[in-house]
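Listed here are the chains, written in short residue letters.
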Protein chains: 2
Amino acid sequence: MASTDGDRRPKYQRIADTLREAIQAGEYVPGDRLPGENDLMNAHRVARMTARQALGVLQSEGIAESRKGAGVFVRAFRPLRRRGIQRLSQQQWGSGRSIWSADTENRDLVVDQVQVTEEAAPEHIGAVLDLEEEGTVCVRRRRFVLDGKPVLLATSYLPMGIVAGSAITEENTGPGGTYARLADLGFKPVHFREEIRSRMPSKDEARQLGITAGTPVILICRTAFADEGRPVEINEMTLDAASYILEYDFDA
Amino acid sequence: MASTDGDRRPKYQRIADTLREAIQAGEYVPGDRLPGENDLMNAHRVARMTARQALGVLQSEGIAESRKGAGVFVRAFRPLRRRGIQRLSQQQWGSGRSIWSADTENRDLVVDQVQVTEEAAPEHIGAVLDLEEEGTVCVRRRRFVLDGKPVLLATSYLPMGIVAGSAITEENTGPGGTYARLADLGFKPVHFREEIRSRMPSKDEARQLGITAGTPVILICRTAFADEGRPVEINEMTLDAASYILEYDFDA
């Protein structure tokens, strides 16, 4: 059990830490029942409310879940695996086993919200897209849902000077989507850059993604380049970190 | 100002949210002075302690910093840019501008702790490294510091059956490091897989990385493969999310 000497945080937080560390160390695996309120009351000499709060912390973090009448159980981490690089060379390594157990079945992300507008480009977008002065962008905002839970917000920016009049400005971009339409227009994406960060969600992001306390978001900013390094799309994505593993495969 | 109707969280949290969102919206940029305690007291009709707590939240998140006698200022986000794929093709795109402003000067990561041991392989490591029964691993634990601040914990696992007797089992692995030594041994890494997740740090990780409240960690699990897809190293990395941007460049 973790030493809690000199730790000034509330007792229920310290008990939650102890349980979390035991889970991370593999002492409890997904599906295992965690110690109940009575167990925690005896082991830590605390009141029932404190024991309940400790278990509540782990539930709000998505690490554990309560099953009516049966107790609190370690949740399986069953994330989406997002392969950043879909390349032929990946196939030769695709059979390698992976570290984080992850469900790789085909699971469908569904778009449940889409909004397409023409807007003045935000400054940081305009700078990267090499827009003419007063150039506007086509903005495609989408939310993706997995098994009924929102997991991804994506906002794409494309120069209106390139995409005006194409299906990219409509909700349904047609077969092959935005990138196929960019190719039709003579701006086929041939190179991508993905930049990744992580931070706590804003209140609005937490609401839109249904994120529980203690879960960060992953930010991916993807820039698509056509020939000669011309940037043709920026896609700013916000992911529920508890729902994703990102994977990049590449040669030395 | 964000509406706070029906929000049951403490007032100082809501004020902190409002300020954070204003920073994210660009109303305050790095170096700007945030409203002071008196400003917040007037604007939100709260006590000085509440105003101080709100500013304290932003400081503990690393978003703002206090300057003695001058007030609280928006901190510059000055992360390390970690390029996951060092490939020739990158050069042709290297001059493209990037979304998140980031310092790309040469800044040196310094190893301030290193520990090399021989251990029984943790189960998830042994499974991936295709170890013989009772096979042990060489474990290299390192901590990396930038400008005096720990930013990265890295633990590498290599099959003892491959690396025994080589400099990989010593603190100093020699010129070119572990990968050069693996090449000497006939196991040159030719392919890599990086898997990325994000979550809140454990108490121990927060302590080792000096992470302030409200900052997540990024986990990278890198697997190095030699010819024929043979896994030769697993490197589990834990990064202070506030210190890093990860970048992956690749062709369509």
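Since the structure is predicted, the reported quantities are computational estimates derived from the model, not experimental observations.

**Observations concerning the overall build of chain A**
When helices and strands are counted, chain A shows eight helices and ten strands. Taken across its 252 residues, chain A has 46% of its residues classed as buried. Considering only residue pairs separated by 6 or more positions, chain A has 59% of its internal contacts joining residues 24 or more positions apart. In the structure as shown, chain A presents an accessible area of about 12600 Å², 46% of it carried by carbon and sulfur atoms.

**Here's the deal with the environment of Phe73(A)**
Relative to the helices and strands, Phe73(A) is located in strand E2 (residues 71-74). Residues Phe73(A) and Thr117(A), 44 residues apart in the sequence, show an inter-C-alpha distance of 45 Å.

**What about the sheet that holds strand E6 (residues 149-159) of chain B?**
Judged by pairing direction, the sheet is mixed, and its eight strands sit side by side in the order E3(A)-E10(A)-E7(B)-E8(B)-E9(B)-E6(B)-E5(B)-E4(B) without closing on themselves. Looking at the sheet topology across the chains shown, the edges are occupied by strand E3 (80-83) of chain A together with strand E4 (110-120) of chain B. Each neighbouring strand pair of the sheet contributes to a mean axis angle of 20°, computed without reference to strand direction. In the sheet, E6(B) pairs with strand E9 (residues 230-240) of chain B via six bridges, with the strands oriented antiparallel. Along E9(B), the bridge assignment pairs Leu152(B) with Leu239(B).

**Points about the sheet that holds strand E9 (residues 230-240) of chain A**
Reading across from one edge, E4(A)-E5(A)-E6(A)-E9(A)-E8(A)-E7(A)-E10(B)-E3(B) is the order of the eight strands in this open sheet, with mixed pairing throughout. Looking along the sheet, the strands with just one partner apiece sit at the ends: strand E4 (110-120) of chain A together with strand E3 (80-83) of chain B. For this sheet, the mean angle separating the axes of adjacent strands, direction not counted, is 20°. As paired strands, strand E5 (residues 136-146) of chain A and strand E6 (residues 149-159) of chain A are joined by ten bridges and run antiparallel to one another. Within the sheet, the bridge partner assigned to Val137(A) lies in E6(A) and is Pro159(A).

**As for the pairing of strand E1 (residues 64-67) of chain A**
Residue and element names in this part refer to chain A. Bridge analysis of E1 against E2 gives four bridges, and the strand direction is antiparallel. When the bridges of E2 are listed, Arg67 appears paired with Gly71. Here E1 folds back onto E2, and the loop between the two strands holds three residues, one of which, Gly69, carries a positive phi near 75°.

**Quick notes on the pattern of salt bridges**
Under the definition given, this model contains 22 salt bridges over all chains. A salt bridge links Arg143(B) to Asp112(B); its shortest N-O distance comes to 2.7 Å. Here the residue Arg143(B) occupies a position in strand E5 (residues 136-146), and Asp112(B) occupies one in strand E4, the gap between them amounting to 31 residues. Between Arg207(B) and Asp204(B) there is a salt bridge, with the nearest N and O atoms lying 2.5 Å from each other. With Arg207(B) and Asp204(B) both in helix H8 (residues 203-209) and three residues apart, the pair spans about one turn of that helix. Via salt bridges that share partners, Glu37(A), Arg48(A) and Arg52(A) belong to a single interconnected network.

**Focus: the pairing of strand E7 (residues 191-199) of chain A**
Residue and element names in this part refer to chain A. Taken across its nine residues, E7 has eight buried, putting it largely inside the fold. Two strands pair when backbone bridges link them, and E7 and strand E8 (residues 217-226) are joined in this way by nine bridges, in the antiparallel orientation. Paired with His191 across the strands is Phe225, a residue of E8.

**Observations concerning the confidence of the model for chain A**
All names here are of chain A. Taken as a whole, chain A shows an average pLDDT of 82; of its residues, 84% reach a score of 70 or greater. At the level of individual helices and strands, chain A shows its lowest average pLDDT in helix H4 (residues 88-93), which scores 30, and its highest in helix H2 (residues 37-44), which scores 95. Predicted confidence is poor over residues 1-5, with pLDDT under 50, and the contacts of this stretch with residues over four places away or in other chains come to seven contacts. The low-confidence segment residues 86-105, where pLDDT is below 50, has 51 contacts with residues more than four positions distant or belonging to other chains. With a pTM of 0.73, the predicted complex shows an ipTM of 0.72.

**Some details on the packing of aromatic side chains**
Summed over the entire model, instances satisfying the criterion amount to seven aromatic pairs over all chains. Between the aromatic rings of Tyr179(A) and Phe192(A), the centroid separation amounts to 5.5 Å while the plane-to-plane angle is 45°, which identifies the pairing as tilted. You can see Tyr179(A) sitting in helix H7 (residues 177-184) and its partner Phe192(A) sitting in strand E7, a full 13 residues away along the chain. With relative accessibility at 25%, the residue Tyr179(A) sits in the partly exposed group. Look at Phe192(A) and Phe250(B): their rings are 6.0 Å apart centre to centre, the planes differ by 40°, and that puts the pair in the tilted class.

**Things to note about unusual backbone geometry**
Residues and elements named next belong to chain B. Here the phi dihedral of Arg45 falls at roughly 55°; this positive angle occurs in a residue that is not glycine. By the element assignment, Arg45 lies in the loop between helix H2 (37-44) and helix H3 (48-60). Taking the relative accessible area as the measure of exposure, Arg45 reaches 76% and is therefore exposed. Not every positive phi belongs to a glycine, and Glu228 is a case in point at roughly 60°. Looking at the secondary structure, you find Glu228 in the loop between strand E8 (217-226) and E9.

**Some points on the state of the cysteines**
Disulfides are covalent bonds that connect the sulfur atoms of two cysteines. All names here are of chain A. Applying the stated criterion across every chain, the model contains zero disulfides over all chains. The structure places no disulfide on Cys138, whose sulfur is separated from the nearest cysteine sulfur, that of Cys221, by 16 Å. Residue Cys138 is classed as buried on the basis of its relative accessible area of 1%.

**Points about the environment of His124(B)**
Counting through the fold element by element, His124(B) comes out in helix H5 (residues 123-129). Separated by 3.0 Å, the side chains of His124(B) and Glu236(B) make a polar contact.

**Observations regarding the side chain of Thr173(B)**
All names here are of chain B. Tracing the chain through its elements places Thr173 in the loop between helix H6 (160-163) and helix H7 (177-184). Thr173 gets classed as buried once you look at its relative accessible area, which sits at 10%. With near-sequence residues (within four places) excluded, Thr173 lies in contact with Arg140, Ala167, Ile168, Thr178 and Arg181.

Cut-offs and rules
Residues numbered from 1 in each chain as written. Chains lettered and ligands numbered in written order. Predicted model: local features only at pLDDT ≥ 70, side-chain atom pairs only at ≥ 80, totals over all residues. Heavy atoms only, no water. Helix = DSSP H or I, 4+ residues; strand = E, 2+ residues; numbered from the N terminus. Buried < 20%, exposed > 50% of the residue type's maximum accessible area, 1.4 Å probe, protein only. Contact = heavy atoms within 4.5 Å. Areas by Shrake-Rupley, 256 points an atom, 1.4 Å probe, with all protein chains shown as cover. Pairing = 2+ DSSP bridges. Axes fitted to C-alpha atoms, helices over the stretch in contact; angles between N-to-C directions. Salt bridge = Lys/Arg side-chain N within 4 Å of Asp/Glu carboxyl O. pLDDT = per-residue confidence, 0-100. Phe/Tyr/Trp six-rings, centres within 6.5 Å; stacked < 30°, edge-to-face > 60°. Disulfide = S-S within 2.5 Å. Polar contact = N/O pair within 3.5 Å; in protein donor to acceptor, adjacent residues only side chain to side chain.

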